[in-house]
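# Secondary and tertiary structure notes
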Amino acid sequence: MFCINCFHTNTKVANSRPNKKQPSIWRRRQCTHCGTIFTTYERPSLADNKPVVLPSGKADTFNLGKLILSISKAFTHAPHEAEYNALWLAQTVEDTLSTEQEIVTPEDIEATTHAVLKRFDELAAIQYAAQHQLIISLKRRGRPSLRERGPRTGELPSR
Ligand SMILES: [Zn+2]
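Treat the numbers as computed from the prediction; the structure is a model and nothing was measured.

Rules of the game
Residues numbered from 1 in each chain as written. Predicted model: local features only at pLDDT ≥ 70, side-chain atom pairs only at ≥ 80, totals over all residues. Pairing = 2+ DSSP bridges. Helix = DSSP H or I, 4+ residues; strand = E, 2+ residues; numbered from the N terminus. Axes fitted to C-alpha atoms, helices over the stretch in contact; angles between N-to-C directions. Parallel < 35°, antiparallel > 145°, perpendicular 65-115°, else oblique. Contact = placed C-beta atoms within 7 Å. Nonpolar A, V, L, I, M, F, W, Y, C, P; charged D, E, K, R; others polar. pLDDT = per-residue confidence, 0-100. Buried ≥ 20, exposed ≤ 12 C-beta atoms within 10 Å, placed from the backbone.

Taken together, three strands build an open sheet; the order of strands is β1-β2-β3 and the sheet is antiparallel. Looking along the sheet, the strands with just one partner apiece sit at the ends: β1 (11-18) and β3 (37-42). If you compare each strand with its neighbour and ignore which way they point, the axes differ by 25° on average. Relative to strand β2 (residues 25-31), β1 runs antiparallel, the two sharing seven bridges. The partner of S16 across the bridge, within β2, is R27.

So, in structure tokens, the structure goes:
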């Protein structure tokens, strides 16, 4: 990799650390010409590893830029949040799809994006679902459904 300061073609890896939870490696590189030290991350590229299979059966290439934009649009209530978080949220979606999916479809991308947003910002997840016409099952808080309560025994609760 060339140097980000002087564009000399040779840099050496001074230190590296694999991430234990994500498929990525952190590296500190040093330019052999000017001595500049900079950080790089190596992570799987979904675009290079898995085609996105469209409903027509045609294969498309995963587009991280497109995903960043669609995530940003879900933050109309907090544009500042989008500026700081859209990139890594999109990368989280990409990493999840890289490691968990056999084939990737536009529906997988939408479902994973929604799940990632839901963990980060509930309102963004709701907006994303509306913008992508996702059908989301809403669980009512504090009111378990009959199925969740289990079979009825006919017994009164003991004191
Ligand atoms: Zn340099």
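A word on the packing of helix α4 (residues 106-120) against helix α5 (residues 122-131). Interaxial distance between α4 and α5 falls to 6 Å at its minimum, and their mutual angle equals 155°. What the angle tells us is that α4 and α5 run roughly antiparallel. Within the contact between the two elements, α4 uses T113, H114, L117, K118 and F120 and α5 uses E122, A124, A125, Y128 and A129. Grouping the constituent residues of the contact of α4 with α5 by class yields six nonpolar, two polar and two charged.

Positive phi is not limited to glycine here, since F7 has a value of about 65°. With respect to the helices and strands, F7 occurs in the segment before β1. Positive phi outside glycine occurs at Q133, with the angle close to 50°. Mapped onto the elements of the fold, Q133 is located in the loop between α5 and α6 (146-149).

What follows concerns the confidence of the model for the protein. The pLDDT averaged across the protein works out to 85; a share of 85% of its residues lies at or above 70. Counting interchain partners and residues more than four positions distant, the pLDDT-below-50 stretch residues 142-155 has one contact.

The next subject is the environment of I68. By the secondary structure assignment, I68 is in helix α2 (residues 64-73). A tally of 17 C-beta atoms within 10 Å means that I68 is categorised as partly exposed. Considered as a pair, I68 and L89 are 21 residues apart in the sequence and their alpha carbons are 7.9 Å apart. I68 has contacts with A86, L87 and A90, leaving out every residue within four places of it along the chain.

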